[in-house]
Amino acid sequence: MKRPTRIDAEEKLVLTANRLLDGHIVWLDQEGRWRSSIAHAVMFEPDTIDAALEKAKAHAQLDEVVGIYDVVVRPGPPLRPVSVRENIRAFGPTVHPQFSKEIER
C-alpha cells in the first residue's frame, strides 16, 4: 500500500529511482529515460502519477533501475523537491559546495 502524498496546488510530482549499475540517483524524463539530473525530470499531476509509476515499475528491470517512487517538487528553474531528504538526493550533500552537484538549468 502506497503512503498518501500531500501536495499543494502549485506543486507537482516527479519519479525517481536508483540505477542498478552504479547506485546513482536518477529521474524520469519526458521520453521515459532515466537521467542523472532532476532538471530533466518530467512533472506529473497528482491524478496521473499512479499510472506513470506503474508503467515505470513495469519497465524497471529493462531500464536497470530499482526503488522507483514519486517525489513532490516545486516547479521552476530549477525544480526543487519539497523535502530535505529529496533535496539532498537531487543536489548533493549539504556539507560543502565542493561536493554538491551543479544545478543544470
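Note that the structure is a prediction, hence the values are computed from the model and not measured. (Residues numbered from 1 in each chain as written. Predicted model: local features only at pLDDT ≥ 70, side-chain atom pairs only at ≥ 80, totals over all residues. Heavy atoms only, no water.)

**Considerations on the overall build of the protein**
Move 1: Looking only at helices and strands, the protein features 3 helices and 5 strands.
Move 2: Starting at the N terminus and ending at the C terminus, the protein contains elements arranged as β-β-β-α-α-β-β-α.
Move 3: For the protein, with 105 residues in total, the buried portion stands at 35%.
Move 4: The contacts of the protein with a sequence gap of at least 6 include a subset with a gap of at least 24, amounting to 53%. (Helix = DSSP H or I, 4+ residues; strand = E, 2+ residues; numbered from the N terminus. Buried < 20%, exposed > 50% of the residue type's maximum accessible area, 1.4 Å probe, protein only. Contact = heavy atoms within 4.5 Å.)

**Thoughts on the sheet that holds strand β2 (residues 25-28)**
Move 1: The 5 strands lie next to each other as β3-β2-β1-β4-β5, forming an open sheet whose pairing is antiparallel. The sheet terminates laterally at β3 (34-35) and β5 (80-81), the two strands that pair on one side only.
Move 2: Pairing of strand β4 (residues 65-74) with β5, which is carried by 2 bridges, proceeds in the antiparallel orientation. In the strand pairing of β5, R74 is matched with R80.
Move 3: Lying on the sheet, helix α1 (residues 49-58) is in contact with β1 (12-19), β3 and β4; it crosses β4 at an angle near 155°. (Pairing = 2+ DSSP bridges. Axes fitted to C-alpha atoms, helices over the stretch in contact; angles between N-to-C directions.)

**Observations regarding unusual backbone geometry**
Move 1: P78 follows P77 through a cis peptide bond whose omega is -10°.
Move 2: Look at E64: it is not a glycine, yet its phi comes out positive at around 60°.
Move 3: Along the chain, E64 falls in the loop between α2 (60-63) and β4.
Move 4: Take E64: its relative accessible area is 38%, and that puts it in the partly exposed class.

**Considering α1**
Move 1: Looking at α1, one finds that the buried residues are I49, A52, L53 and A56. Along the axis of α1, the buried positions cluster into a sector of 100°, meaning they face one direction only. Of the exposed residues in α1, the ones pointing more than 90 degrees away from its buried face are A51, E54, K55 and A58. (Arc of directions from axis to C-beta.)

**What about the packing of aromatic side chains?**
Move 1: Across all of its chains, the model carries 0 aromatic pairs by this definition.
Move 2: Here R89 stacks its cationic end above the ring of W27, 5.9 Å away from the centre of that ring. (Phe/Tyr/Trp six-rings, centres within 6.5 Å; stacked < 30°, edge-to-face > 60°. Lys NZ or Arg CZ within 6 Å of the ring centre and 35° of its normal.)

**A few points about the confidence of the model for the protein**
Move 1: For the protein, per-residue confidence averages 88 on the pLDDT scale, and 85% of positions sit at 70 or higher.
Move 2: Mean pLDDT across the secondary structure elements of the protein bottoms out at helix α3 (residues 84-91), with 90, and peaks at β3, with 98. (pLDDT = per-residue confidence, 0-100.)

**Re α3**
Move 1: Residues E86, R89, A90 and F91 constitute the buried set of α3.
Move 2: Along its buried surface, α3 packs onto β1, β2, β4 and β5.
Move 3: Following α3 by one or two positions, G92 adopts a phi angle in the positive range, close to 100°.

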